[in-house]
Amino acid sequence: MRKYEIVFIVKPLEEEANNAIIEKFSKLIAANGGTIDKEDRWGKRRLAYEIKKEVEGFYVIFYVTCPPACVDECDRVMKITDEILKHMIVRADEKED
């Protein structure tokens, strides 16, 4: 099991719609053997540049512990979800003392 940071920007929709999309990915990670250690919702922010004709987006960060197959599936589903403007998945650095 590895630690990852999953950052994604959701189209600015109503609060219920945003929550449904975030919940969809929470369930996807859990179904593929991962756990969400921490979830940060930054809220609606102005984008640096226009993405898919949108100028604002709802930012979310998941700190996740999961197998690599879970990350692959999450990446695949994020690519085909229309409500996701952008996403990025990075492996969190293991800190050595």
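What this report covers is the structure whose coordinates are included nearby.

Reading the values: the criteria
- Per chain, residue numbering runs from 1 following the sequence as it is written.
- Side-chain atom pairs in this predicted model are given and counted only at pLDDT of 80 or more, local residue features only at pLDDT of at least 70, and totals for whole chains, interfaces and linings cover all residues.
- As a rule here, side-chain values come from all non-hydrogen atoms in the structure, and water together with hydrogens is ignored.
- For two strands to be treated as a pair, DSSP must find no fewer than two bridges joining them.
- For helices the rule is a DSSP run of H or I covering at least 4 residues; for strands it is a run of E covering at least 2, with both sets numbered from the N terminus onward.
- The term salt bridge refers to a pairing of a side-chain nitrogen on Lys or Arg with a carboxyl oxygen on Asp or Glu at a separation within 4 Å.
- Three labels apply to residues, based on accessible area from a 1.4 Å probe with only protein chains included: buried if under 20% of the type maximum, exposed if over 50%, partly exposed otherwise in between.
- Helix span is expected to be 1.5 Å times the residue number reduced by one.
- Each direction from the helix axis to a C-beta atom contributes to the arc, which is the arc of those directions.
- Contacts between residues were defined by any pair of non-hydrogen atoms, one from each residue, lying within 4.5 Å.

## Describing the pairing of strand 1 (residues 2-10)
- Pairing between strand 1 and strand 3 (residues 54-66): nine bridges, direction antiparallel. Its bridge partner being in strand 3, Val10 is matched across the sheet by Phe58.
- The pairing of strand 1 with strand 4 (residues 84-91) spans seven bridges and is antiparallel. For Val7, the partnering residue across the bridge sits in strand 4 and is Met88.

## Let's talk about the pattern of salt bridges
- Inspection of the entire model under this criterion finds six salt bridges.
- One salt bridge connects Glu56 with Lys44, and the closest N-O pair in it is separated by 3.9 Å. In this pair, Glu56 is assigned in strand 3 and Lys44 in strand 2 (residues 35-51), connecting sequence segments 12 residues apart.
- Given the relative accessible area of 51%, Lys44 is considered exposed.
- With a closest N to O distance of 2.9 Å, Glu73 and Arg76 form a salt bridge.

## What about helix 1 (residues 15-31)?
- Taking 1.5 Å per residue, 17 residues should reach 24 Å; helix 1 reaches 24 Å between its end C-alpha atoms and fits that length.
- Of the positions making up helix 1, those classed as buried are Asn18, Ile21, Ile22, Phe25, Ser26, Leu28 and Ile29. Relative to the axis of helix 1, the buried residues are bounded by an arc of 160° and lie together on one face. Turned more than 90 degrees away from the buried face of helix 1 sit Glu16, Lys27, Ala30 and Ala31, all of them exposed.
- Structurally, helix 1 contributes buried residues whose contacts are with strand 1, strand 2, strand 3, helix 2 (68-80) and strand 4.
- One or two residues past the end of helix 1 sits Gly33, with phi positive at roughly 85°.

## Observations concerning the pairing of strand 3
- Sheet topology places strand 2 next to strand 3; 11 bridges connect them, and they run antiparallel. By the bridge assignment for strand 3, Ile36 is matched with Val64.

## A look at the environment of Ile84
- Inspection of the secondary structure puts Ile84 in strand 4.
- For Ile84, a relative accessible area of 2% corresponds to the buried category.
- C-alpha of Ile84 to C-alpha of Ile22: the two residues are 62 residues apart in sequence and 10 Å apart in space.

## Details of the environment of Leu28
- Summarising the element assignment, Leu28 is placed in helix 1.
- Put simply, Leu28 and Leu47 are 19 residues apart on the chain and 26 Å apart in space, counted from C-alpha to C-alpha.
- Ignoring sequence-local partners within four residues, the contact set of Leu28 consists of Glu73, Cys74 and Val77.

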